[in-house]
Amino acid sequence: AVNQRQTANYKQKLTISLYEAFHGANRILQIGEKKIEVKIPAGSKSGTRVRVSGVGPKNGSGRQGDLYLDIQVADDHRFTRKGDHLYTKKQVDLFTAILGGEVEVETMSGNVLLNIPAGTQPGQVFRLGKKGMPNLKQKGSYGDQFVTIDVSIPRNLSDKQKDVFKKMRDSQSK
């Protein structure tokens, strides 16, 4: 039996997007007749608990219980999250991989230009410092974003392009 002086606390799951986990979010919850605005802090991850005090039913002494929101962060097709780090893939064309160049990479805080050095290999990983998730407990601290390069091999080369590649291959074997 619950002591009348104890208050009842409630748990409820709340799913947020990775974008909301990065930036923080405000949600309006309908609890009984009341609408309550709840702040979800930036850097939240699945398993983060947010306490909303005094919204449960009253106990015998008139004190209201608390609601604990169990945060779940939905999967995002663009990024994989591990701790405060984010992982993503970027497809580059063969010519950029061979000759080098710049490609635009999406981050949670906006797009950035990534310098691709000449001779970049498929599967090569680049680190974008402090472009990962904010740390929930250390304001101003961010993880990194790791970008794995996926080189796109052209399927339909013209005869002239094939000749250039054949000449390059032949010059390599000498």
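Residues numbered from 1 in each chain as written. Predicted model: local features only at pLDDT ≥ 70, side-chain atom pairs only at ≥ 80, totals over all residues. Heavy atoms only, no water.

Undergrad: Before we go on, may I ask you to explain the pairing of strand β3 (residues 34-40) in this structure?
TA: Strand residues, when the strand is regular, have side chains that alternate between the two faces of the sheet. In the sheet, strand β2 (residues 25-31) pairs with β3 via 7 bridges, with the strands oriented antiparallel. Residue pairing for β3: Arg27 is matched across the bridge by Val38. Where β2 folds back onto β3 in an antiparallel hairpin, the turn is made up of 2 residues, including Gly32, whose phi is positive at roughly 60°. (Pairing = 2+ DSSP bridges. Helix = DSSP H or I, 4+ residues; strand = E, 2+ residues; numbered from the N terminus.)

Undergrad: What should I look at first to understand the packing of aromatic side chains in this one?
TA: In this description, a pair of aromatic rings is defined by centroid distance and the angle of the planes. With the rule as written, the count across this model stands at 3 aromatic pairs. Note on Phe95 and Phe165: the rings are 6.4 Å apart at their centroids and 45° apart in plane angle, and the pair reads as tilted. Highlighted residues: Phe95 in helix α2 (residues 94-99) and Phe165 in helix α3 (residues 159-172), separated in sequence by 70 residues. What makes Phe95 partly exposed here is its relative accessible area of 38%. Of note, Lys82 hangs over the ring of Tyr87, and the distance from its end group to the ring centre comes to 5.0 Å. (Phe/Tyr/Trp six-rings, centres within 6.5 Å; stacked < 30°, edge-to-face > 60°. Buried < 20%, exposed > 50% of the residue type's maximum accessible area, 1.4 Å probe, protein only. Lys NZ or Arg CZ within 6 Å of the ring centre and 35° of its normal.)

Undergrad: Can you walk me through the environment of Val38 in this structure?
TA: Tracing the sequence through the fold places Val38 in strand β3. Put simply, Val38 and Leu69 are 31 residues apart on the chain and 9.6 Å apart in space, counted from C-alpha to C-alpha. When neighbours within four sequence positions are excluded, Val38 is seen to be in contact with Ala25, Asn26, Arg27, Leu29, Val50, Val52 and Leu69. (Contact = heavy atoms within 4.5 Å.)

Undergrad: Got a minute to help me understand the sheet that holds strand β4 (residues 49-52) in this structure?
TA: In a beta sheet, neighbouring strands are held together by backbone hydrogen bonds and run either parallel or antiparallel to one another. Pairing is mixed across the open sheet formed by 3 strands, whose spatial order is β1-β5-β4. For this open sheet the edge positions go to β1 (10-16) and β4, each flanked by a neighbour on one side alone. The mean inter-strand angle of the sheet, taken between neighbouring strand axes irrespective of direction, is 30°. Of the strand pairs in this sheet, β4 and strand β5 (residues 67-73) are connected by 4 bridges, and their pairing is antiparallel. Paired with Val50 across the strands is Leu69, a residue of β5. (Axes fitted to C-alpha atoms, helices over the stretch in contact; angles between N-to-C directions.)

Undergrad: Would you mind going over the nonpolar core with me for this structure?
TA: Within soluble globular proteins, side chains that are nonpolar generally end up buried alongside one another. Ile16, Leu18, Val38, Ile40, Val52, Leu69 and Ile71 are the most contacted members of the largest nonpolar core, which has 21 residues in total. Elements with a minimum of two residues in this core: β1, α1 (18-23), β2, β3, β4 and β5. With 4 residues, the top contributor of residues to this core is β5. Setting aside anything within four residues of it in sequence, one finds Leu69 in contact with Gln12, Leu14, Leu29, Val38, Thr48, Arg49, Val50 and Val52. (Core = buried A, V, L, I, M, F, W, Y, C linked by side-chain atoms within 4.5 Å.)

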